[in-house]
Amino acid sequence: MKRLVIEGGNSLSGSIKINGAKNAALPIMAGALLGDSTSILENIPYISDVENLGKIIKSFGVEVEWKENGQLIINPHNINHFEAPYQLVRKIRASNLLIGPLLAKYGVAEIPLPGGCAIGTRPMDLHLKGFEALGATVTMEHGIIKVKADKLEGASIYLDFPSVGATENIMMAATLAEGITTIENVAKEPEIVDLANYLNALGAKVKGAGTDVIKITGVSQLHGVNHSVIPDRIEAGTYILMGAICCDDLRVENIIPKHLEALILKLREAGIEIEEGEDWIRIQRSELFKAIDIKTLPYSGFPTDLQPQIMTLMAVAQGTSIITENIFENRFMHVDELKRMGANIKVEGCCAIIEGEKMLKGASVHATDLRAGAALVMAALAAEGETYLSGVEYIERGYQSMIEKLVALGAKIKCIEGSEG
Ligand code: EPZ
């Protein structure tokens, strides 16, 4: 079991280059199955979620080649298999995004239900309702979702919640359906827009991505294409928050500042100085900044994927902050770990009340999910003394070379193998 040993209290400075967005790369990798020929995807982050989804796609008989330069080549020409192995699916929830493309292109898909994780039960009812509306039969046997359709027909679909995954899955399924599909109350995240841009480059007809209603006019065939995914706004936001808590001067580069508007406005509300460039943001730690209230919301509201990280910042803010988690029902697993480091946090339902403290103290803590892990690294860098962090594999799921990037800023972090010390 890998652990990080992090020495807190060092002030960091320098610049960090942001990689391609995990949550754009994953749906686009699935979407590549829709094409009759090879897609060359660029700016793909080197993370285990991408590696694991690539293994599942490869298990279908698809050619998948990952080049060092962040290029991922997917050629679905020889696909001969449409069932995903549970042992791989359990490692990557986004495997559920394979259902839409397989259903559209081959009329069949058998994917084990990815199941819940630390942050919630992660149901798929909205995905499956959309597939049925398009004419598919959906069954669930022994934990495996089986979808079949001789052909898909355009339909009008309303999402009870603007689910990112359901929007992506139904949009992909509808690209090869007969006729027009409208999906209402869709997710508007930048990753949805990036996926729609990729699908249109394949030859699909998708309109309205980024708004509340997406309209897809089905076509008969799609062809492979080159596409470079957008920068990862959540990776960028994570480092911006790290900058606010422990960097004298940090420049976060290769980003689209507009995708981080909610975070930037909230940090300015707390009295933290942020300088915004065309594709970079500069942030300097301020000794004193105010506690603010945060509510997580679908885009363009404050992103749930930055909630654990901003909670760490609020743990050392001046005053009381209330963080309301409106997206996932169980995304406060990092609270107990932050409390072990001296944070003063009380959870009441979907709200966490944080009394800012002067200083956190190093401790042995465990990451329960990807973003909680990032929040604990932040806390450890700002804390007094040494922190032992286990659950490093969660961080590697979504952050390319986080340790190397932080060490280059002056952080003192070691990665050790072996049991608890
Ligand atoms: C995507 O997950 C992201 N993952 C998540 O990022 C992100 O937190 C989430 O969107 C919200 O922004 C990827 O894009 C790979 P949802 P997804 O469907 O699609 C409920 C990270 O750290 N829901 O928008 O699974 C669900 O239970 C990860 O990078 C249903 O009820 O999220 C949740 O409460 C974590 N029925 C809410 O909607 C459904 O059929 C939001 O889920 C689907 C979802």
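Remember, predicted model here, so these are calculated numbers, not experimental data. (Residues numbered from 1 in each chain as written. Predicted model: local features only at pLDDT ≥ 70, side-chain atom pairs only at ≥ 80, totals over all residues. Heavy atoms only, no water.)

What follows concerns the site of the ligand. Not every one of the 21 residues close to the ligand is listed here, only the nearest: D125, S163, D305, I327 and R371. Side-chain polar atom of K22 to an oxygen atom of the ligand: 2.8 Å apart, as the coordinates give it. Here an oxygen atom of the ligand sits 3.0 Å away from a polar atom, N or O, in the side chain of R122. Taking 830 Å² as the accessible area of the ligand by itself, protein coverage stands at 86%. When contributions to the shell around the ligand are tallied by element, the ones reaching two or more residues are α1 (22-31), α5 (125-133), α6 (164-174) and α12 (370-382). For the shell around the ligand, a count of residues per class yields nine nonpolar, five polar and seven charged. For the shell around the ligand, the domains that each give at least three residues are domain 1 (2-19 + 231-417) and domain 2 (22-228). (Near = heavy atom within 4 Å. Polar contact = N/O pair within 3.5 Å; in protein donor to acceptor, adjacent residues only side chain to side chain. Areas by Shrake-Rupley, 256 points an atom, 1.4 Å probe, with all protein chains shown as cover. Helix = DSSP H or I, 4+ residues; strand = E, 2+ residues; numbered from the N terminus. Nonpolar A, V, L, I, M, F, W, Y, C, P; charged D, E, K, R; others polar. Domains from an automatic or database assignment.)

Looking now at the domain arrangement of the protein. Taken domain by domain, the protein consists of domain 1 (2-19 + 231-417) and domain 2 (22-228). For domain 1 and domain 2, the distance between their C-alpha centres works out to 30 Å. At the junction of the two partners, domain 1 supplies 23 residues and domain 2 supplies 21 residues. Between domain 1 and domain 2 the total buried area reaches about 1800 Å² when both faces are included, carbon and sulfur atoms providing 53% of it. (Contact = heavy atoms within 4.5 Å. Buried area = accessible area lost by both parts, 1.4 Å probe.)

Time to look at the pattern of salt bridges. Enumeration over the complete set of coordinates arrives at 23 salt bridges. Taking the shortest distance from any N to any O, the salt bridge between E396 and K2 comes out at 2.6 Å. Placement of E396 in helix α13 (residues 392-398) and of K2 in the segment before β1 (3-7) is noted, with a sequence separation of 394 residues between them. With relative accessibility at 32%, the residue E396 sits in the partly exposed group. The class for K2 is partly exposed, based on a relative accessible area of 25%. E153 is the salt-bridge partner of K151, the closest N and O atoms lying 2.4 Å from each other. Judged by its relative accessible area of 43%, E153 is partly exposed. Look at the salt bridges and you will find they share partners, linking K17, R251 and E253 into a network. (Salt bridge = Lys/Arg side-chain N within 4 Å of Asp/Glu carboxyl O. Buried < 20%, exposed > 50% of the residue type's maximum accessible area, 1.4 Å probe, protein only.)

This next bit is on the nonpolar core. F60, L98, M171 and L199 are the most contacted members of the largest nonpolar core, which totals 78 residues. Counting 74 residues, the second largest nonpolar core, distinct from the first, contains F302, L389, I403 and I413. (Core = buried A, V, L, I, M, F, W, Y, C linked by side-chain atoms within 4.5 Å.)

Moving on: the packing of aromatic side chains. Throughout the structure, instances matching the rule amount to two aromatic pairs. Ring centres of Y46 and W66 lie 4.7 Å apart, and the angle between their planes is 35°; on these two criteria the pair is classed as tilted. In this pair, Y46 sits in the loop between β3 (39-42) and α2 (48-58) while W66 sits in strand β4 (residues 63-66), placing the two residues 20 residues apart along the sequence. A cation over an aromatic ring shows up here: R251 above the ring of W280, its NZ or CZ 4.2 Å from the ring centre. (Phe/Tyr/Trp six-rings, centres within 6.5 Å; stacked < 30°, edge-to-face > 60°. Lys NZ or Arg CZ within 6 Å of the ring centre and 35° of its normal.)

The next subject is the packing of α1 against α2. Their axes nearest at 10 Å, the elements α1 and α2 cross at an angle of 5°. Our classification of the angle between α1 and α2 gives roughly parallel. Between α1, through K22, A25, L26, M29 and A30, and α2, the contact on the second element is made entirely by D49, V50, L53, G54 and I57. Residues of the contact of α1 with α2, tallied by class, amount to seven nonpolar, one polar and two charged. (Axes fitted to C-alpha atoms, helices over the stretch in contact; angles between N-to-C directions. Parallel < 35°, antiparallel > 145°, perpendicular 65-115°, else oblique.)

In spatial order, the strands read β9-β10-β12-β11; together these four strands make up an open sheet with mixed pairing. Here the strands that pair on one side only, and so sit at the sheet edges, are β9 (156-158) and β11 (205-207). Across this sheet, the average inter-strand angle for adjacent strands is 15°, counted without regard to direction. Note: β9 against strand β10 (residues 180-184), three bridges, orientation parallel. Bridged to Y158 within β10 is E184. (Pairing = 2+ DSSP bridges.)

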